[in-house]
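Structural overview
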Amino acid sequence: MQAGSLHCIVGVFVSVLALVSLSLCLSLSLLTLQLSHPVRMRSLALGLFCLLCCNAVRLDGRRPRPIADPCKAMPLDFVFVIDSSRSIRPNDYEKVKAFIVNLLQFLKVGPDATRVGLLQYGSVVQPEFSLNTYTTKDRVEQAVRSMEHLATGTMTGLAIQYTMETAFTEEEGARPADLLIPRIAMVVTDGRPQDTVEEIAAQARQAGIQIFAIGVGRVDMNTLKAIGSEPHSEHVHLVANFSQIETLISVFQSKLCGEMCEVVDHQCQHICVSSPASYRCKCRKGYQLNVDLKTCDSNDALPYSSGTSLPSLLVTLTSYGHYLVTF
Ligand SMILES: *[C@@H]1O[C@H](CO)[C@@H](O)[C@H](O)[C@H]1NC(C)=O
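None of these values were measured; they are calculated from a predicted model. (Residues numbered from 1 in each chain as written. Predicted model: local features only at pLDDT ≥ 70, side-chain atom pairs only at ≥ 80, totals over all residues.)

Thoughts on the packing of helix H5 (residues 156-167) against helix H6 (residues 198-206)
With their axes 9 Å apart at the nearest point, H5 and H6 run at an angle of 20° to one another. Taken together, the axis directions place H5 and H6 in an arrangement best described as roughly parallel. Handedness of the H5/H6 crossing: left-handed. Facing Gly157, Ile160, Gln161, Thr163 and Met164 of H5, the residues of H6 in contact are Ile200, Ala201, Gln203 and Ala204. Partitioning the contact of H5 with H6 into residue classes produces five nonpolar, four polar and no charged. (Axes fitted to C-alpha atoms, helices over the stretch in contact; angles between N-to-C directions. Helix = DSSP H or I, 4+ residues; strand = E, 2+ residues; numbered from the N terminus. Parallel < 35°, antiparallel > 145°, perpendicular 65-115°, else oblique. Left-handed = near helix turned anticlockwise from the far one by under 90°. Contact = placed C-beta atoms within 7 Å. Nonpolar A, V, L, I, M, F, W, Y, C, P; charged D, E, K, R; others polar.)

This is the structure:
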């Protein structure tokens, strides 16, 4: 189980324990006021012991701090695909690096948390580091800061092909598909590709890679849309210049940090289920989702028998911190 979720559960348990012992302490102290002397002494001793327990529990509760981490930070396999073409000026290249480093703050980097890989491309693809190269955020940051500008062509299609065929393989550190760790590629580009991207990007998305396409400057919006996943409003972003790229930080903060259900107006009639950068609506038992994917109608084929109680809700925490909601 993910450490964060474990801490959370422990935290809740400890809080409940602390509350129970606190109320016990209080009632005992109140009792002592009305009792005879020897009994009062014994109760007082018991109360003191109780208070000590309370403190021990509170101290224990102080160690795991789930709230200190502002991100819910689900584990991801995250690959940056960075355009390093000649048209990018040196100070713009530095801005791209700063953007990547800024995004890293929202990721919980680690072998069991989010794994980060990066490749840059010009006329060729240059892998900088794989998903299993670094195990800490500091090392990833160092590697990003020491990247060198290729200043050659713009083979975006080739880069996406490498991402799909190599970067997201288990040899390169991607976790097995059946673990359902979201595979995310973020393509940052400033120009028109010298090769075709439509087909290969579609293949990559088909293979389960969620692609964010970030265009800077005079990038053709249709090219970006051909790269990015649906819905495009979530995955495709175009900014005027490299100074503007930092305005995307807040956009990605909510995508990477938050539960989508909490940060968007989801309009789910019954239940909203978050996934990284996305969400879907669900209906309670006996109802089915309408074609608008938001509202629910009672399911006539499966009516409630009068004897059944309220729909039961079971939330299972899987080993990688996904919430499975079953009804
Ligand atoms: C970048 O674009 C913004 C918005 O269009 C503009 O205000 C700003 O002057 C531009 N900066 C540079 C360095 O071109």
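Concerning unusual backbone geometry
Here the residue pair Glu230 and Pro231 is connected by a cis peptide bond, since its omega of -10° sits within 30 degrees of zero. Turning to its location among the elements, Pro231 is positioned in the loop between helix H7 (221-227) and helix H8 (232-235). Despite not being glycine, Leu180 has its phi angle at roughly 60°, a positive value. In this fold, Leu180 is placed in the loop between H5 and strand E4 (183-189).

Considering the nonpolar core
One finds Val79, Val81, Ala159, Met186, Val187 and Ile211 to be the most contacted residues of the largest nonpolar core, which totals 61 residues. Ignoring anything within four residues of it in the chain, the contact list for Ile211 reads Ala185, Val187, Ala201, Ala204, Arg205, Ile227, Gly228, Ser229 and His235. (Core = buried A, V, L, I, M, F, W, Y, C linked by C-beta atoms within 7 Å. Buried ≥ 20, exposed ≤ 12 C-beta atoms within 10 Å, placed from the backbone.)

Overview of the site of the ligand
Close contacts around the ligand come from Ala240, Asn241, Ser243 and Gln244, and that covers them all. Each residue belonging to the shell around the ligand can be placed in one class, and the counts come to one nonpolar, three polar and no charged. (Near = placed C-beta within 6 Å.)

Notes on helix H9 (residues 248-257)
Regarding H9, the residues found buried are Leu248, Lys255, Leu256 and Cys257. Down the axis of H9, the smallest arc covering the buried residues is 165°, so these residues share one side. Buried residues along H9 sit against strand E5 (209-216) and strand E6 (236-239). (Arc of directions from axis to C-beta.)

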